[in-house]
Amino acid sequence: MSDSAARERDAAETESAFSHPAVAPDASAAYGSHPDQVIDFYAPRGGRTGAPVVVVLHGGAWRAPYDRAHVSPFADFLARHGFAVASVEYRRGSELPQQRGTGPVAGRWPETFDDVAAAMDALPELLARELPAADVRRIVVTGHSAGGQLALWAAARHVLPEGSPWRLPRPPALRGVVALAPIADFGTAVALDVCSGAIGQFLGAAEDFAERSAHADPSRLLPTGIATAVVQGTTDLTVPAAVSEAFVDAAAKEGETVGLTLLPDVGHFPLIDPAADACAVVAEEIAQLAW
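The following paragraphs examine the structure supplied in this document. (Residues numbered from 1 in each chain as written. Predicted model: local features only at pLDDT ≥ 70, side-chain atom pairs only at ≥ 80, totals over all residues. Heavy atoms only, no water.)

Re the nonpolar core
Generally speaking, a soluble globular protein has its nonpolar side chains buried in company with each other.
Inference 1: If you look at the biggest cluster of nonpolar residues, it comprises 62 residues, and the most contacted ones within it are Ile-39, Phe-41, Trp-62 and Ile-183.
Inference 2: In contact with Trp-62, not counting residues within four places along its chain, are Arg-92, Gly-93, Val-105, Ala-106, Gly-107, Ala-146, Gln-149, Leu-150, Ile-183, Ala-198, Ile-199 and Phe-202.
Inference 3: Counting residues in hydrophobic clusters, the runner-up holds 31 residues, among them Tyr-42, Leu-78, Ala-278 and Val-282. (Core = buried A, V, L, I, M, F, W, Y, C linked by side-chain atoms within 4.5 Å. Buried < 20%, exposed > 50% of the residue type's maximum accessible area, 1.4 Å probe, protein only. Contact = heavy atoms within 4.5 Å.)

Shown next as structure tokens:
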């Protein structure tokens, strides 16, 4: 496929994914005092009880303009497939343009990680209150793109460096994690300039980057002992398949097997587009871990 044809298809896939109207949650609850510290809950359709829980962490290069609204159709899609869904919002980069640049800054250090950790820690209590019919013993975390990095990170907090404020004393009570086109290997992603320098903006200047990446780069937080699957389109122009493949290779070097499902001729956004066949594959990957 020519570069122009690939870009045209990518644009069509993006348009499709963003064409769905936002779906209002069944309930929302705060896990902190900041306006972005909120979780939206979607009950499994049909009144199912004992449904496993899917925690959704949205993508958008950790940048403020992209919030959980764009994954609400995906959250509803999962609810229609019988899952209880918790869609997490978190603090992202400033709306203000980056210095010497035109785009918004990616991420906030340490607030983005503060929020994901706090949301995951608050989840059991909030689920008991907002979705009491859900089975909190069966939780799968999923995330798309930058949210895929956060999902992998949420499952790896017990292997964070000693002294990390987010470190858990034991593995989190998760059935697994399904990362969708995740920014999962920072070295590869930086080399490919994924999301226009987003990782460098997130972690900061060179003197901070090495230290902070030890707390943030999923490829350096291995092995986790948590069942992990990655779903990746082979024609993804936003987060190329090489990033996921590097993460899977890093896991293998640490003696851990990470499932990698490569979807031929699929780009970045079909993974969260309810109208795309790829989205059904994602739901099946989640189901294999949840049920």
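Next comes the rest of the description.
So, unusual backbone geometry
Inference 1: Cis geometry is adopted by the peptide bond preceding Pro-110, which originates at Trp-109 and carries an omega value of 5°.
Inference 2: Along the chain, the position of Pro-110 falls in the loop between strand E4 (84-88) and helix H3 (111-130).
Inference 3: For the bond from Leu-222 to Pro-223, the omega torsion is -5°, close enough to zero to count as cis.
Inference 4: For Pro-223, the position within the fold is in the loop between helix H7 (206-216) and strand E7 (228-233). (Helix = DSSP H or I, 4+ residues; strand = E, 2+ residues; numbered from the N terminus.)

Quick look at the sheet that holds E7
Inference 1: The mixed open sheet is built from 8 strands, whose spatial order is E1-E2-E4-E3-E5-E6-E7-E8. Both outer strands of the open sheet, strand E1 (27-30) and strand E8 (259-263), are each paired with one neighbouring strand and no more. Taken over all neighbouring pairs, the strand axes of this sheet differ in orientation by 20° on average, direction set aside.
Inference 2: Pairing between E1 and strand E2 (residues 38-42): 4 bridges, direction antiparallel. Looking at E2, one finds that Ala-27 is bridged to Phe-41.
Inference 3: Packed on one face of the sheet, H3 meets E1, E2, strand E3 (51-57), E4 and strand E5 (134-144) and runs near 40° to E2.
Inference 4: On the sheet, helix H8 (residues 241-253) packs against E7 and E8 and is oriented at approximately 160° with respect to E7. (Pairing = 2+ DSSP bridges. Axes fitted to C-alpha atoms, helices over the stretch in contact; angles between N-to-C directions.)

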